[in-house]
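An overview of the molecular structure
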Amino acid sequence: MADLKSILLGRIAQTGPMSLSDYMAECLLHPDHGYYATRDPLGAEGDFTTAPEISQMFGEMIGLCLAQAWLDQGRPAPFTLAEAGPGRGTLMADILRATRAVPAFAEAAEVHLIEASPALRDKQRALLGDTPTWHDSLTTLPEDQPLFFVANEFFDALPVRQFIRTGPAWSERMVGTENETLAWGLGKPAPHPALLHRLEDTKDGDLVEFCPAAAPIIQAIGARIEANGGTALIIDYGDWRSLGDTLQALSAHEPVDPLDSPGMADLTTHVDFEALANATPSAHSRLTAQGVFLERLGITQRAQTLAARLSDAALESHIAAHRRLTHPHEMGNLFKVLALFPKGKPPPPGCET
Ligand code: SAH
């Protein structure tokens with residue numbers, strides 16, 4: 001079977017250079033060679049690790065936050081408890097365990113998972129059993145009941161386009177070929193309606209990123225929350241508005257060239273939270289740093305309770321995990337939380353109004 005690089009070289013030879021978003025989509029989700037489609041990349045043996053894989057405390061705090069928001073909205077039943085890009089299913093398992101003590105929450109929750117990767121769906125099924133309903137996209141989530149939603153490191157995996165400013169126009173960064181290998185190129189400058197607001201804060205030569213898939217996803221979540229109630233927690237690295245090239249390829253926890261081995265490395269970009277906030281028909285919070293969010297939800301008390309049962313290496317690694325999730329020099333500041341909630345209602349606990 002041809003490898004993904006040969007497939008992409010062949011395609012570019014026939015139809016010309018491709019946008020970065022097309023390239024990312026092929027690298028991540030090509031059915032036979034896609035990075036997520038074919039493997040479980042998470043954990044110490046994998047290419048990267050995520051907050052729920054670092055400690056159960058992360059999912060517990062998310063569970064408490066969602067359950068409190070559910071109580072504050074009058075315990076609606078039934079409701080949709082959904083996660084996009086659940087990876088190994090660890091976060092959802094921790095949410096379900098932590099909320100077991102909340103009367104009627106588990107009985108009212110219908111678990112829905114949005115997952116594109118067959119390999120990771122298998123992992124999720126092994127951990128969570130057959131009760132969740134799996135979806136290819138958010139558009140098929142129930143439309144007539146409240147939605148309590150979480151996504152951790154999902155939006156950073158969505159394909160982006162990159163544009164470089166030339167006067168009032170933008171040249172798109174393209175993936176083409178040079179000397180029979182993949183190489184960067186630049187499209188002809190053209191105006192771009194979705195980037196009008198970026199003419200205010202950029203100058204010639206600046207690079208901006210635009211994620212075409214993000215707005216329809218946020219629209220699907222926000223419309224359900226605005227119509228039926230609920231809340232969404234979106235956790236990821238990034239900032240209110242992103243500037244510059246944030247494309248990163250990781251393999252075995254090390255950065256690699258994004259064009260070097262398509263399908264073999266994780267490709268991500270920083271999330272532009274402003275674009276998400278602008279696309280929702282619901283209310284949204286200000287960005288809250290992950291460390292602050294977790295502290296407000298009581299992660300330190302929880303860490304102390306768990307620590308009382310641990311000693312030696314297990315205690316050391318528990319303390320390190322707490323620090324890693326919350327410390328400003330580790331994940332505490334780089335990762336942010338954006339909450340969506342119904343207009344006229346307070347944001348979920350831990351999030352800035
Ligand atoms: N949330 C998990 C995993 C993050 S990795 C954690 O924190 O550990 C990104 C996840 O999103 C994977 O499960 C991947 O298969 C999934 N994913 C990536 N692109 C997707 C898409 N377009 N649609 C649905 N799922 C996607």
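Residues numbered from 1 in each chain as written. Predicted model: local features only at pLDDT ≥ 70, side-chain atom pairs only at ≥ 80, totals over all residues. Heavy atoms only, no water.

Quick word on the sheet that holds strand β13 (residues 266-268)
Applicable threshold: Two strands are said to pair when DSSP picks up at least two bridges between them. Here a strand is any run of E in DSSP of at least two residues, a helix any run of H or I of at least four, and the numbering for each starts at the N terminus. Every angle, taken between N-to-C directions, lies between 0 and 180 degrees, and every axis is a line fitted to C-alpha atoms, over only the stretch in contact when it is a helix.
Within the open sheet, the 3 strands sit side by side as β12-β11-β13. Their pairing is antiparallel. Among the strands making up the open sheet, the edge pair consists of β12 (254-256) and β13. Neighbour-to-neighbour, the strand axes of this sheet turn through a mean angle of 40°, independent of strand direction. Here strand β11 (residues 248-251) pairs with β12 via 3 bridges, running antiparallel. Each residue of the ladder has a partner; that of L250, found in β12, is P255.

Comments concerning the packing of helix α5 (residues 56-72) against helix α6 (residues 90-98)
The condition that has to hold: Note on terminology: angles under 35 degrees are roughly parallel, angles over 145 are roughly antiparallel, angles of 65 to 115 are roughly perpendicular, and the others are oblique. Here is the rule for handedness: rotate from the far helix to the near one, and if that takes an anticlockwise turn smaller than a right angle the crossing is left-handed, while a clockwise turn gives right-handed. The contact criterion used is simple: two residues touch if any of their non-hydrogen atoms lie within 4.5 Å. Classification convention: Asp, Glu, Lys, Arg as charged; Ala, Val, Leu, Ile, Met, Phe, Trp, Tyr, Cys, Pro as nonpolar; all other residues, Gly among them, as polar.
Between α5 and α6, the shortest axis-to-axis distance is 7 Å and the interhelical angle comes to 55°. Here α6 runs oblique to α5, going by the angle between their axes. Where α5 crosses over α6, the two elements pack in a sense that is right-handed. The segment α5 lies against α6, with Q56, F58, G59, E60, I62, G63 and L66 engaging L91, D94, I95, R97 and A98. Residue composition of the contact of α5 with α6, grouped by class: 6 nonpolar, 3 polar and 3 charged.

Side note on helix α1 (residues 4-15)
The periodicity of an α-helix, 3.6 residues per turn, causes residues three or four places apart in sequence to face the same way. What counts is decided by this rule: To estimate how far a helix should reach, multiply one less than its number of residues by 1.5 Å. Throughout, exposure labels follow a simple rule: accessible area from a 1.4 Å probe, protein chains only, divided by the maximum for the residue type, with under 20% read as buried, over 50% as exposed, and the rest as partly exposed. Picture the helix axis, draw a direction to every C-beta atom, and the arc is the one those directions span.
Here α1 spans 16 Å end to end across 12 residues, near enough to the 16 Å set by a 1.5 Å rise per residue. Residues L4, L8 and I12 constitute the buried set of α1. In a view along the axis of α1, the buried residues occupy a sector of 70°, so they form one face of it. Opposite the buried face of α1, by more than 90 degrees, sit the exposed residues A13 and Q14. Where α1 is buried, its residues touch β1 (18-19), α2 (20-29), β7 (169-178) and β8 (181-186). G16, located one to two residues past α1, shows a positive phi value of around 95°.

Functional significance is not addressed by these values, which are geometric in nature.
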